[in-house]
Amino acid sequence: MAGGKGANLGELVRNAFPVPGGFVVTTHAYEIVARGGRNVRAYFERVEMPGELRQAITGAYAALGGGPVAVRSSATAEDLPGAAFAGQQDTYLNVVGEQALLDAVRRCWGSLWTDRAIAYRARLGIDDAEVKIAVVVQSMVAAEVAGVMFTADPVSGDRARVVIDASGGLGEAVVSGLVTPDHYVVSGRDGRIDFTPGRREVVIRGVAGGGVTHESGTAEAGARLPDEVVTELVRLGREVAGHFGRPQDIEWAYAGGRVHLLQARPMTALPPPPVGRLNPVQRRLATVLLEYLPERPYPIDMSTWVPYGPAGLMSRIMGSFGVRHAFEGFLREEDGVAYALLPRTPRPTVRTLAAPFQVLAKARRYDPARWTGDRRFRDYLAQVEELAARDLKAMPWAELVRVPRQALALVAPVADLRTDYLPGAGLALLRLLVTLGLLRRRVLFADLLHGARTRTSDTNRALEHLAEVARRTKALEADPLPPEFAAGLAAFLAEYGHRETASPILVTPPAWADAPEVVLDLIKVLAGERAPTGEPVPDGARGPIGEPHPCGETDDALARLLTHPLLRGAGRRARIVRWVEAARAGVAFREDSHFYFTMPQPILRRSLLELGNRLCEAGVLEEPEDVFHLRLEELEAIGDVADLEAIGDVADLQAGESGDVAGPRVAEGERLRETVRARAAKREELSGVRLIDPAAVFPVAETGEALLRGAPAGGGSATGPVKVIRKPADFGRLASGDVLVCPYTNPSWTPLFQSAAAVVVDTGGAASHAAIVAREYGIPAVMGTGSATSVLQDGQLVTVNGDTGTVTRST
């Protein structure tokens, strides 16, 4: 009834904070007046109030003393997390007299329907019909100095710092940005006050009879709040933040030797607290996780694929060797929304002492070259195929709501397979690396692994074949698609369509099969290239699952290695070939097990969207994708309350159904809708806030003459124009010879490397997919720059050196 601003002020008054006296014209008063007209500003500004309402307002004004007051809007939507509504509705200062007060109240009501307020609500997905407005009336404080206080640093997110902006006169000059204010930063550790004087270009003051005047502030420049006043402000600010349980944005005024708090609201768009110095293990984990998290996870991600997908798999593998907390609890939530990324430091246990013996035992028992013959893998494929074939639309709610858990349960066998076969893969790679070191041929290590046949390389060859068909049939210019190309595309999506477009650990971004336009963009890029040499792999075709590419002396890197003087004997040469084959099988296992591990992901996503579609039909959600703002357990609880039909069409129930059943139905539907609305607003608030400061993961290095410096991933050097590709929807913008600059990569991005002159990535390291595939294509790669997508601009000519990890300006 009091709106967000009014409710918070009531809390402050109730807890004896120094708040000026006042009263609230509730939302009920607004509803009384709104019944007779339309939701347009002009109606409210000229409407006559009912006599009883008019008397109530003027009576409260008289009880307050009848002097100058501030009249502020207080919308109900201000209660939503992430919806600050700062400046969206009107405020009137130094209002004097009953008629002026009534006019100000009407104008506040009307300000709910300004173009800017309507657009703000639309951006946050807030239904106009559900918004109401109260009006706060406060005794005016004739401020000597006033301003705004943040109880956390709004730039760094440091909760130990308090930031105060102040200027002479009323605080409206600071709030509206009319002045360069005095700036105080108070450290919570030692209480030190850092002061930067402002210019105080304007001073706003109340005038006799009502209204305000803007005066030149030149004479006021240089004045500074006494330290004891700053200290008092900080004390009050921290107490207010402690009361509300989160950092606050507080407007205040200082007059007659006293501090007054005029309003308080939660800080919005506040970055996570600084993580400080990450230890080397945390930095390594953060490097991997940032590459996996190109966007903020939704609540449905947090309750499904984040704990069960690749991150959960790695946690399970590490746990099997006695290491706790690896890839666990790395995301923190606020108001039900993922807010900050901070990897935990893995902790070994007593069981870790036995890990070397476990690794050796598993390496001897489980050969990565034969992992696809394991019965567990064959059973897994059969179970995935069975679940994928089920008709989700035909299922009743009680059956459908169980499908997400069934999809998640499918991944457990692959986790077991990785636990068993990774030791053999790791030891094969280590053995080859050590051998090359002893032979002083370590430079050949990456090239020797290029011959590994993987499902990723199969995917890329199949795309090249489709691009060739597209060139020949002019498919990308045709509508409808030529039959040959359409059949090839369908076969490709049937084989490879479960590949992720954005992230392997999130379920909300679509897979290729659900976003075929991404595949068409890749084909468009590849079709602009020369026809590939040799016979391409037809769409969907492959050799035996997981079959490593056989070694032979036709391999250039292997041929160079076999010329070593110590490898002249036939026995030694044969042993080296076997060891290279084993290492390639290890690489193939890593790639291919990931390829198959993600097969349940699109099944899970489709089942969630079907749940969302059912909730749309019931009037609970507006779009099927709104289901992403709910957690899986919240969806499952719907079946515990009643069948889906029992939630019913909320609008119909509100329109007329009554009885014992209607109330719970409406309440449950409204609760879900409110949850979605609040989390959507919070997510929108955080849209410009990073999960972690990249500088904490990729410390800013001295670049010298270079534009950027990152982790070198090999490939020599190349020069070309920059093309920033931020998401799969941008794939079609890449032209042959461009330097691909991107925030992250995954296997789905690697076909672009055939066209790119070089690749520069914000995240990742030398062992990431992008680095490995870039080396296979022989193009330079620089990883983990932290800021390439913000420093480099489209069309800028640069030279990328993958050996030194630098990007320099070229002329």
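Note that the coordinates shown come from a computational prediction; the quantities given were computed from them, not determined experimentally.

**Student:** Hey, could you run me through the overall build of the protein in this one?
**Tutor:** Secondary structure assignment for the protein yields 31 helices and 24 strands. Expressed along its principal axes, the backbone C-alpha trace of the protein runs to roughly 105 × 65 × 60 Å. Looking at the protein as a whole, 53% of its 811 residues qualify as buried. Sequence separation of 24 or more characterises 69% of the internal contacts of the protein that already satisfy a separation of 6 or more. Surface exposure of the protein reaches about 34,400 Å², of which carbon and sulfur atoms provide 53%. Charged side chains of the protein number 90 positive and 99 negative; the gap between the two group centres comes to 8 Å.

**Student:** Is there a simple way to explain the sheet that holds strand β12 (residues 258-266) in this structure?
**Tutor:** Hydrogen bonding along the main chain pairs the strands of a sheet, whether they run parallel or antiparallel. Pairing is antiparallel across the open sheet formed by six strands, whose spatial order is β8-β7-β6-β5-β11-β12. In the strand order of this sheet, the two ends are held by β8 (193-196) and β12, each with one partner. Pairs of neighbouring strands in the sheet enclose a mean axial angle of 20°, with direction left out of account. Looking at chain direction, strand β5 (residues 145-150) and strand β11 (residues 248-255) are connected through six bridges and run antiparallel. In the sheet register, Ala146 faces β11, and the bridge partner there is Ala253.

**Student:** How should I be thinking about the sheet that holds strand β23 (residues 797-801) in this particular structure?
**Tutor:** Strand order in the open sheet formed by eight strands is β17-β24-β23-β19-β20-β21-β22-β18, and the pairing between neighbours is mixed. Edge positions in the open sheet fall to β17 (708-709) and β18 (711-712), since each of these has one partner strand only. Bridging between strand β21 (residues 758-761) and strand β22 (residues 781-783) involves two bridges; their strand directions are parallel. Note that in β22 the partner of Val759 across the bridge is Ala781.

**Student:** Whenever I open this one, the side chain of Gln601 confuses me. Can you help?
**Tutor:** Along the chain, Gln601 falls in helix α24 (residues 600-617). In terms of polar contacts, Gln601 uses its side chain to reach the backbone carbonyl oxygen of Ser503, at 3.5 Å. Contacts of Gln601, omitting those with residues within four sequence positions, involve Trp305, Glu500, Ser503, Pro504, Leu506 and Val507.

**Student:** Explain empty space enclosed by the protein to me, please; I cannot follow it from the model alone.
**Tutor:** Gaps left between atoms are located by rolling a probe of water-molecule size over the structure's atoms. Within the structure shown, the criterion is met by two cavities of 30 Å³ or more. Lining of the largest cavity is provided by Glu500, Thr501, Ala502, Ser503, Leu506, Val507, Pro509, Pro510, Ala511, Gln601, Pro602 and Arg605. Among the residues making up the lining of the largest cavity, the classes are represented as seven nonpolar, three polar and two charged.

**Student:** Even after reading the chapter, I still don't get helix α6 (residues 115-124), so can you show me in this structure?
**Tutor:** Three or four residues apart is the spacing at which side chains of an α-helix point the same way, because the helix has 3.6 residues per turn. Taken together, the buried positions of α6 are occupied by Ala117, Tyr120, Arg121 and Leu124. Projected onto a plane normal to the axis of α6, the buried residues spread over an arc of 95° and lie on a single side. Turned more than 90 degrees off the buried face of α6, the exposed positions are Asp115 and Ala122. Gly125 sits one or two positions beyond α6 and adopts a positive phi of about 70°.

**Student:** Even after reading the chapter, I still don't get a positive patch on the surface, so can you show me in this structure?
**Tutor:** Judged by side-chain charge, Arg431, Arg572, Arg575 and Arg578 come together as a positively charged surface patch. With three residues, helix α23 (residues 570-597) is the single largest residue contributor to the positive patch. By the secondary structure assignment, Arg431 is in helix α17 (residues 412-438).

**Student:** Explain a negative patch on the surface to me, please; I cannot follow it from the model alone.
**Tutor:** A cluster of acidic residues, Asp127, Glu622, Glu623 and Glu625, forms a negative patch on the protein surface. Tracing the sequence through the fold places Glu625 in the loop between α24 and α25 (632-641). With a relative accessible area of 40%, Glu625 lands in the partly exposed category.

**Student:** Looking at this model, I keep getting lost on the pattern of salt bridges. Mind explaining?
**Tutor:** Side-chain pairs of opposite charge can arise where the charged atoms are in close proximity. For the coordinates displayed, the defined rule picks out 44 salt bridges. Across the pair Arg246 and Glu334 runs a salt bridge, and its minimum N-O distance is 3.3 Å. Taken as a pair, Arg246 in the loop between α8 (227-244) and β11 and Glu334 in strand β14 (residues 331-334) lie far apart in primary sequence, 88 residues in all. In this structure, Glu670 engages Arg673 in a salt bridge whose closest nitrogen and oxygen atoms are separated by 3.5 Å. On the criterion of helical spacing, the pair formed by Glu670 and Arg673 is a turn pair, its members being three residues apart in helix α28 (residues 662-685).

**Student:** In this structure, what is going on with the packing of aromatic side chains? I would like to understand it.
**Tutor:** For the structure on display, the rule yields 16 aromatic pairs. With 5.0 Å between their ring centres and 70° between their planes, Tyr744 and Trp749 make a pair best called edge-to-face. Each of the two residues, Tyr744 as well as Trp749, counts as buried. Clustering of aromatic rings is evident, with ring pairs tying together Tyr366, Trp371, Phe377, Tyr421, Phe492, Tyr496, Trp512, Phe589, Phe595 and Tyr596.

**Student:** What am I meant to see in the pairing of β8 here?
**Tutor:** On any regular strand, side chains alternate: one points to one face of the sheet, the next to the other face. Bridge analysis of strand β7 (residues 182-187) against β8 gives four bridges, and the strand direction is antiparallel. By the bridge assignment for β8, Val185 is matched with Asp194. Connecting β7 to the next strand, β8, in antiparallel fashion are five residues, including Gly191 with a positive phi near 75°.

**Student:** Looking at this structure, I do not really get helix α14 (residues 375-388). What am I missing?
**Tutor:** Between the first and last C-alpha of α14 there are 20 Å, a value that for 14 residues agrees with the 20 Å anticipated at 1.5 Å per step. Among all positions in α14, only Phe377, Tyr380, Leu381, Val384 and Leu387 are buried. Buried residues along α14 cover an arc of 135° about the axis, so they all sit on one side. Relative to its buried face, α14 has exposed residues pointing more than 90 degrees away, namely Arg375 and Glu385. On its buried face, α14 is in contact with α16 (403-409), α17, α23 and α24. Its side-chain oxygen placed 2.9 Å from the backbone nitrogen of Arg376, Asp374 serves as the N-cap of α14.

**Student:** So what exactly am I meant to see when it comes to the environment of Pro274 here?
**Tutor:** Counting through the fold element by element, Pro274 comes out in the loop between β12 and α9 (280-292). Those residues in contact with Pro274 that lie beyond four places of it in its chain are Ser156, Gly157 and Asp158.

**Student:** Explanation requested: the pairing of strand β15 (residues 337-341) in the structure shown.
**Tutor:** β15 sits mainly inside the fold: five of its five residues count as buried. Between β14 and β15, which follow one another and run antiparallel, lie two residues, and Asp335 among them has a positive phi close to 55°.

**Student:** Explain the confidence of the model for the protein here, please?
**Tutor:** Caution applies to low-pLDDT regions: their predicted coordinates should not be interpreted in detail. When the pLDDT values of the protein are averaged, the result is 87; 91% of them are 70 or greater. At the low end of the mean pLDDT range in the protein sits helix α27 (residues 650-655), at 43; at the high end sits helix α10 (residues 299-302), at 98. Of the regions scoring below 50 in pLDDT, residues 530-554 engages in 55 contacts with residues more than four places distant in sequence or in other chains. Note that residues 640-661 has pLDDT below 50 and, in this model, 31 contacts with residues that lie over four places away or in other chains.

**Student:** What am I meant to see in the environment of Gln601 here?
**Tutor:** Gln601 gets classed as buried once you look at its relative accessible area, which sits at 5%. Sequence spacing of Gln601 and Gly110 is 491 residues, and the spatial spacing of their C-alpha atoms is 48 Å.

**Student:** What is the right way to look at unusual backbone geometry in this model?
**Tutor:** Leaving glycine aside, a negative phi is the common case for residues, and trans is the common case for peptide bonds. Of note, the bond from Asp479 into Pro480 is cis; its omega dihedral lies within 30 degrees of zero at 5°. Mapped onto the elements, Pro480 comes out in the loop between α19 (455-473) and α20 (483-496). Residues other than glycine seldom take positive phi values, yet Ala16 does so here, at roughly 65°. Looking at where Ala16 falls in the secondary structure, it is placed in the loop between α1 (3-14) and β1 (22-25). Since its relative accessible area comes to 66%, Ala16 is described here as exposed. The phi angle at Asp335 is positive, at roughly 55°, despite the residue not being glycine. Relative accessible area serves as the criterion here: at 29%, Asp335 is assigned to the partly exposed category.

Criteria and cut-off values
Residues numbered from 1 in each chain as written. Predicted model: local features only at pLDDT ≥ 70, side-chain atom pairs only at ≥ 80, totals over all residues. Heavy atoms only, no water. Helix = DSSP H or I, 4+ residues; strand = E, 2+ residues; numbered from the N terminus. Buried < 20%, exposed > 50% of the residue type's maximum accessible area, 1.4 Å probe, protein only. Contact = heavy atoms within 4.5 Å. Areas by Shrake-Rupley, 256 points an atom, 1.4 Å probe, with all protein chains shown as cover. Lys, Arg positive; Asp, Glu negative; His and termini not counted. Charge placed at Lys NZ, Arg CZ, Asp CG, Glu CD. Pairing = 2+ DSSP bridges. Axes fitted to C-alpha atoms, helices over the stretch in contact; angles between N-to-C directions. Polar contact = N/O pair within 3.5 Å; in protein donor to acceptor, adjacent residues only side chain to side chain. 1 Å grid on protein atoms, 1.4 Å probe; cavity = no way out; pocket = protein on both sides within 12 Å on 5 of 7 lines; lining within 4 Å. Points joined across faces, edges and corners; volume = space filled by probe spheres on them. Nonpolar A, V, L, I, M, F, W, Y, C, P; charged D, E, K, R; others polar. Arc of directions from axis to C-beta. Patch = residues over 30% accessible without salt bridge, like charges linked within 9 Å, V, L, I, M, F, W, Y side chains within 5 Å. Salt bridge = Lys/Arg side-chain N within 4 Å of Asp/Glu carboxyl O. Phe/Tyr/Trp six-rings, centres within 6.5 Å; stacked < 30°, edge-to-face > 60°. Expected span 1.5 Å × (residues − 1). pLDDT = per-residue confidence, 0-100.

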